[in-house]
Amino acid sequence: MSVLEISGLHVVYPPDVPVVRGLDLAVEGGEVVGVVGESGSGKSALALAVLGLLPAGARARGSVRLRGAELLGRSDAELARVRGRDLAMVFQDPLSALTPVHPVGDQIAETIQIHAGATRRAARARAVELLDLVGIPDAARRARAHPHEFSGGMRQRVMIAMAIANDPVAIVADEPTTALDVTVQAQILDVLRVARDATGAAIVLITHDLGVVADLADRVVVMYAGREVESGPVGDVYRRPRMPYTIGLLRSLPRLDAPRERGARPAPIGGAPPPAGGPPTPCPFRPRCPIGGPECDRAAPAAVLVGAGHRAACVRTAATLDAGRVFPAVPAPPPPRRPPRAERPAVLRISGLARHFPPRGAFARRAAGAVRAVDGVSLEVRAGETLGLVGESGCGKTTLLMEILRLERPQRGRIAVFGRDVAALSPKVRKALRRDLQVVFQDPATSLDPRMRVRDILTQPLRTHRVARAAVPRRVAELLGLVGLEQAHADRYPAALSAGQRQRVAIARALALEPRLLLLDEPVASLDVSVQAQIMDLLEDLRAGLGLAYVFVAHDLAVVRRVADRVAVMYAGRIVEIGAADAVYESPAHPYTRALLDAVPAPDPAGRRGRRTLLADPPDPSSPPAGCPFRPRCPRYAALAAPALLPAAGDELGARGGAVARARCERAVPELAAPDPAVDRSAACHHPPGPP
Amino acid sequence: MTRPPGNRRAVAGAVLLAALFAVAFLGPLAAPWRWDQTDFTAFRAPPSAGHWFGTTQSGRDLFALTLRGMRKSLLIGLLVAVLSTGVAAAVGMTAGVLGGWVDRLLMFGVDLLLVLPSFLAVAVLSPALGGGTGVVLVIAAFLWMITARMVRAMTLSLKERDYVRAARFLGVGPVRVIVRHILPHLASLLVVDAALNVSLAIITEAGLAYLGFGAQPPDASLGTLIADARGAAPAYPWLFASAAGPLVLIVLAVNLLGDGLRDALDPSVPRCAGRAPRRGPRDGVPQALCAVRAPAARAPGKREDAA
Amino acid sequence: MGRFLVRRLAGHAVLAVVAASLAYLLAAASLHPRPDPPGPAAGPAPAAPADRAALRRLNLDDREPLAERYRVWAAGIVRGDFGRTLRGEPVAAELWRRLWVSVRLLAAGSALGFAGGVLLGAYAAARRGTAADRLVTAGSFLLLAVPVFVLAPLLQIAAAAVDQATGVQFVEWVGESSPGAAGGAFGALGAVGDRVRHLALPTVVVALSQLAVYCRYQRGMMLDVIGADYVRTARAKGLRRRDALLRHGVRTALIPLTTYFAYTVGVLLLTGMFTEQVFGWHGLGEWVVDAILRGDVNVVAAANVVAAVAVLLAGLASDALRGLLDPRVRARA
């Protein structure tokens, strides 16, 4: 018998919005079932319904059974006896999910006291054990700390410790790694594995990230518009998806492992996922489905068995046997014909750029405490090329972009845009330069003024730069066409557009003045996977058509892999590796780049690696360690500490050699090495790997 | 989750307020007595056909006096609110946009005025300035500080919004940014706050008059009428009710309107309770939005600065 | 934490000095002291030379240069001397006596109002949308619209009606105590009972006016907290909704309330002023009203100093309270 059994679950949010429409799901003990879906698919409502924590006014019907006992319809008091003991939950954002005013140890102890009736003392002791189990160093001391004193990853460990405190039989984890950096995400996935092994619990892992599911789950359920559209063993579903939506999703996913195909790319899924609670349609995916036919309009497709335990809710499973035919590759714009890099002019040249922020609190104004957001960055972008800028949150990527966009004299270093040093610009020239240098922000919901119509948003740059009033309407229409919007969208407010459409507006605004260099700050990070692919395609087309140069900032290495000619990896305000994308991705020279690439879960269950997870958290930018800032997390430095582990160097260096090598890391901040003449790649590491 | 209660309150407040305005300004046309007339045949007469609210100890028609007080209250409330909210917007936006020492100086001034017992200061100043405009100026001078702080906080957060940055990076000038991107977003806050300042000003004026610092006899204000009626309240309840009733109604109407408006035009467009669908690791944006709500949530505090 | 408070204290001290000076200058510049108060509108009238001499001795002559008067006053303040009243008595002695009366009047009422308001607000928020919530909301709205100088007489009328209906006088509505209460049949106990009967109505007035404000605040704060993720986490741990709100919600919702605490002290002082006036308590508020009418500059200035210091102390207390409730503030300090 399944530990957790959900059948025919419907959830309706007030006033009358169906968000889950008939879902069946069974999870065995020790099994991890991944539930994937885009925004509005109802996956979070599913989690809350299982725990009986739906917001006020929401209704659930159907059946949720935990070890055979029905949970739906039971009173708050009865559910309270189950929640936290047999059934536990891990929430998305560990900062807001922990009470800010209580020490974390007490918060964990509380859940033990509620159910086990333990004494305060015993519960606290157990809390320390749990914190130790989930990998919080110095647990006894840290148990007395408050949530704000922990990093995001550590908070999520606390959440997991809390979830497993009473040996639950089932754990529901709602986007447990979404708010985290990729290296931290890898750690948390490991902790979840530990949690599963320690408790033998059934785990429902809810996420939008197909990579996370491939990494951890045994089975997967794909949700779309409140329904299950495909489910089965992870291997089967990922290798032979049969529902067009799953097929499109998997194919449009940018991948680290697959080299970029030139001249062709998979057709993206058109349109956007339907908002939660749209009108009931026979097949919710029908409007976006490339192979839909009249038979799809008759009734909701029943799930049919297409393999061992593999079900797909599609009436045309015969047509989906060959996934490649469902979303056939379409020709991609040819790579722009351009002279070799050395012959192209530099559109952006930065050398030794630094930006330090004073520490918080006016009384502590000392140089030592300053946050070194950008700390000596040099790079160059040539005309028509895309530089990908990757790094974890807080590494200084966005600050770097803002420094460039200010077009003012930087605190230290030099910035030259199109050959002009920004320190010496007159206001007039600075304004003129802004025509050539534009930006697209991460979240189009905040980068468009909610009180302006699309037309006004697109008119603003034109009028600011004195484009003749008469020419404006034609240019606005042109821009809308350029980014794939309809003319009717001009009269809408941003709130009336989907996220993807809003991002198109933001791109159109940036393109209004025909810039030559576009700075893209996480342009797809806030979008659903299927929409992400569309925007990426659009950006590729625009680059090819208009000959733009991009600086593409992202935390998602796979996305960068898809668009970038060259890549710069940032860590603690510095560039630790820079070079041609292929060279950097295929043979990274810096241990941090290696770790980043290792941490990205591939959307392929076969590719589960025995990866090396970075141990510590990203550093505090106000007090970097002496010497190489990456040293505390560096596996190479750790290996130097134990020279025997360095097989080749062991004899020749010996213990003394190891100490000398370590001393270099501890003393000097490594500078970017001169680029290898053969490969366009250089890293800032004292001990780069030798030639293979 | 439901917005309608806010709208309902705003509509109820607006209707009540409109009715009170109509009575205060149109009432004298229908009333048999003028406020400065004395009926020597009726002292402390109960309500009747001749004297709708009865008469005072000295034989003056209470209905006419009450209307006179209401007109005074409404006008003073309105003028003070416009004036103080205007000052608040100017000071708050200047401090927020310019920052630096201007900001520090203005905020010191705000703190100073907040510490100064404003009611006492107004009471001390009001005789010197006489009635009418003087009272308006003095009350307004001590009502703008908290609003200014809110405007400043909101300006600071608006300045950091992506669309403001985007405009700056497009080359849009600072004045244009303020007019186009900052003022419209402050508008709802200011409207709501002005509404709340109306009730504060009305209560302050009535309080001053009650203690004898405002309108002097033979002129009347709701405050003086209440003060005159208080001693005899148990015996002659209509004296008290006819002055206190309209005052309470006006304040109630204005409060309902202000509070309802706040709910209806909550300046932060997205509700922070709603969870962002997905975010990358750079999730500074949702917090920034929530920060904007904080000053808005402060507004209820404004309602009761003068008892 | 300690350093944080000390820093705040220093900032507040500067504010207090400037505010007190400003208050004195305002009062001294616009009030015109006369030994025989003809009324506030009288303005400067020629005074007898003897009166002028007397006024000058008291540093109250409005024909002296303002700067000079301020210098004398400030020099006195530094020594802890608040000057003398129009009648020539020292201000300080009367000030402390009256301050104590006002504290007795306000203490119980404000504590009751704060506690009651917070509880009611939290309750209404937890029951959002129910009849109970609507009742509390409507009540607080109505109460907010009733100024103290209307509320107090209303309660007096109500009490009178009750007394009349029952024939027993439950509460007193004038003064702080009846003469000779201690000499009655119940002795000292009778005196206490008498004081309580005098205190009952004013306390209710103060409590109600404070309650309405705090109720609105707390309800708003609680509504923000009720949807918070950590309350949901607490429920996911196995706490019932009510317990989750109590243990994890109320304390967090109280944190922003501490800011209002400082603001409402100003309101509380005003409430006290009107309450004293209505109920005939000889406290600070009553004194300062008379002083303004008489043009008694030193008394007005002293009252202003007391009020400013009270507001600043409340600010300091709310900082301390905030630090106590919120570990994040402690960390930043």
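Residues numbered from 1 in each chain as written. Chains lettered and ligands numbered in written order. Predicted model: local features only at pLDDT ≥ 70, side-chain atom pairs only at ≥ 80, totals over all residues.

Helix and strand content of chain A: 24 helices and 25 strands. Relative to its length of 692 residues, chain A is compact, with a C-alpha radius of gyration of 27 Å against a globular reference of 26 Å. When the backbone C-alpha atoms are referred to their principal axes, chain A occupies close to 75 × 70 × 50 Å. A separation of at least 24 residues holds for 69% of the contacts in chain A among residues at least 6 apart in sequence. (Helix = DSSP H or I, 4+ residues; strand = E, 2+ residues; numbered from the N terminus. Rg over C-alpha atoms; globule rule 2.2 N^0.38 Å. Contact = placed C-beta atoms within 7 Å.)

Before going further, it helps to spend a moment on the overall build of chain B. Within chain B one finds eleven helices and zero strands. Moving toward the C terminus, one meets the helices and strands of chain B in the order α-α-α-α-α-α-α-α-α-α-α. Within chain B, the fraction of its 307 residues that count as buried is 55%. Sequence-distant contacts, at least 24 apart, represent 71% of the contacts inside chain B between residues at least 6 apart. (Buried ≥ 20, exposed ≤ 12 C-beta atoms within 10 Å, placed from the backbone.)

Turning next to the packing of helix H9 (residues 222–230) of chain B against helix H10 (residues 237–264) of chain B. All names here are of chain B. Where H9 meets H10, the axes come as close as 8 Å, and the angle between the chain directions of the two elements is 150°. By the angle between their directions, the pair H9 and H10 is classed as roughly antiparallel. Of the two elements, H9 crosses H10, and the hand of that crossing is left-handed. Together, Leu222, Leu225, Ile226, Ala229 and Arg230 of H9 and Leu239, Phe240, Ala243, Ala244, Pro246 and Leu247 of H10 make up the contact between the two elements. When the residues that make up the contact of H9 with H10 are grouped by side-chain class, the tally is ten nonpolar, no polar and one charged. (Axes fitted to C-alpha atoms, helices over the stretch in contact; angles between N-to-C directions. Parallel < 35°, antiparallel > 145°, perpendicular 65-115°, else oblique. Left-handed = near helix turned anticlockwise from the far one by under 90°. Nonpolar A, V, L, I, M, F, W, Y, C, P; charged D, E, K, R; others polar.)

It is worth spelling out the interface of chain C and chain B at this point. In this complex, chain C contributes 51 residues to the contact, which on the side of chain B involves 43 residues. Going through the elements one at a time, helix H1 (2–30), helix H5 (131–145), helix H6 (148–166), helix H7 (187–226), helix H9 (241–279), helix H10 (284–294) and helix H11 (297–325) of chain C are the ones with two or more residues in the side of chain C that touches chain B. Of the residues in the side of chain C that touches chain B, the class split is 41 nonpolar, nine polar and one charged.

Here we take up the sheet that holds strand S1 (residues 4–13) of chain A. Residues and elements named next belong to chain A. The four strands are arranged S2-S1-S4-S5 in an open sheet whose pairing can be described as antiparallel. The open sheet terminates on both sides in strands that have one partner only, identified here as strand S2 (17–27) and strand S5 (69–70). Where strand S4 (residues 59–66) and S5 come together, two bridges link them in antiparallel fashion. Its bridge partner being in S5, Leu66 is matched across the sheet by Ala69. (Pairing = 2+ DSSP bridges.)

Before going further, it helps to examine the packing of helix H4 (residues 91–126) of chain C against H10(C). All names here are of chain C. Interhelical geometry of H4 versus H10 gives an angle of 125° and a closest axis separation of 7 Å. On the basis of the axis angle, H4 is oblique to H10. Contact residues: H4 offers Arg98, Leu99 and Ser102, while H10 offers Leu284, Gly285 and Trp287. For the contact of H4 with H10, the class distribution of residues is three nonpolar, two polar and one charged.

So, about the pairing of strand S16 (residues 371–382) of chain A. Two faces belong to every sheet, and in a regular strand the side chains alternate between them. Residues and elements named next belong to chain A. Of all twelve residues that make up S16, nine are buried, and the element is covered over most of its length. Relative to S16, strand S15 (residues 346–357) runs antiparallel, the two sharing nine bridges. The partner of Ala354 across the bridge, within S16, is Asp375.

A word on the sheet that holds strand S19 (residues 420–421) of chain A. All names here are of chain A. Here we have four strands laid out as an open sheet, ordered S16-S15-S18-S19, and antiparallel in their pairing. Looking at strand neighbours, the two that pair on one side only are S16 and S19, the edges of this open sheet. The sheet strands contacting helix H13 (residues 397–406) are S15, S16 and strand S18 (412–417), and the helix crosses S16 at an angle near 65°.

Residue and element names in this part refer to chain A. Here helix H17 (residues 472–482) has its buried residues at Val476, Leu479 and Leu480. When H17 is viewed along its axis, its buried side chains cluster within an angular range of 100° and face the same direction. With respect to the buried face of H17, the exposed residues turned more than 90 degrees away are Arg474 and Gly481. In this fold, the buried residues of H17 make contact with helix H16 (454–464) and helix H18 (499–511). Directly after H17, the chain includes Gly484, whose backbone phi takes a positive value near 80°. (Arc of directions from axis to C-beta.)

Counting 413 residues, the largest nonpolar core has Ala170(A), Leu205(A), Phe552(A), Ile226(B), Ala23(C) and Val300(C) as the members making the most contacts within it. Counting residues per element, this core draws most heavily on helix H8 (residues 174–211) of chain B, which supplies 19 residues. (Core = buried A, V, L, I, M, F, W, Y, C linked by C-beta atoms within 7 Å.)

Time to look at the environment of Phe357(A). Along the chain, Phe357(A) falls in strand S15. Taking C-alpha positions, Phe357(A) is 32 Å from Leu548(A), a pair spaced 191 residues apart along the chain.

All names here are of chain A. Partitioning chain A into domains gives domain 1 (2–217), domain 2 (237–258 + 271–329), domain 3 (341–358 + 366–581) and domain 4 (596–683). Between the C-alpha centres of domain 1 and domain 3 there is a distance of 38 Å. Listed per partner, the contact involves six residues of domain 1 and six residues of domain 3. When its residues are assigned to classes, the side of domain 1 that touches domain 3 shows one nonpolar, three polar and two charged. (Domains from an automatic or database assignment.)

All names here are of chain A. Of all six residues that make up strand S23 (residues 566–571), six are buried, and the element is covered over most of its length. In terms of strand pairing, strand S17 (residues 386–390) meets S23 through four bridges, oriented parallel. When the sheet's bridge partners are listed, Gly388 is paired in S23 with Val567. One ladder, built from six bridges, connects S23 with strand S24 (residues 574–580); its direction is antiparallel. The residue bridging Val567 from the neighbouring strand is Gly579, located in S24. Once S23 ends, the chain turns through two residues before running back antiparallel as S24, passing Ala572 with a positive phi of about 50°.

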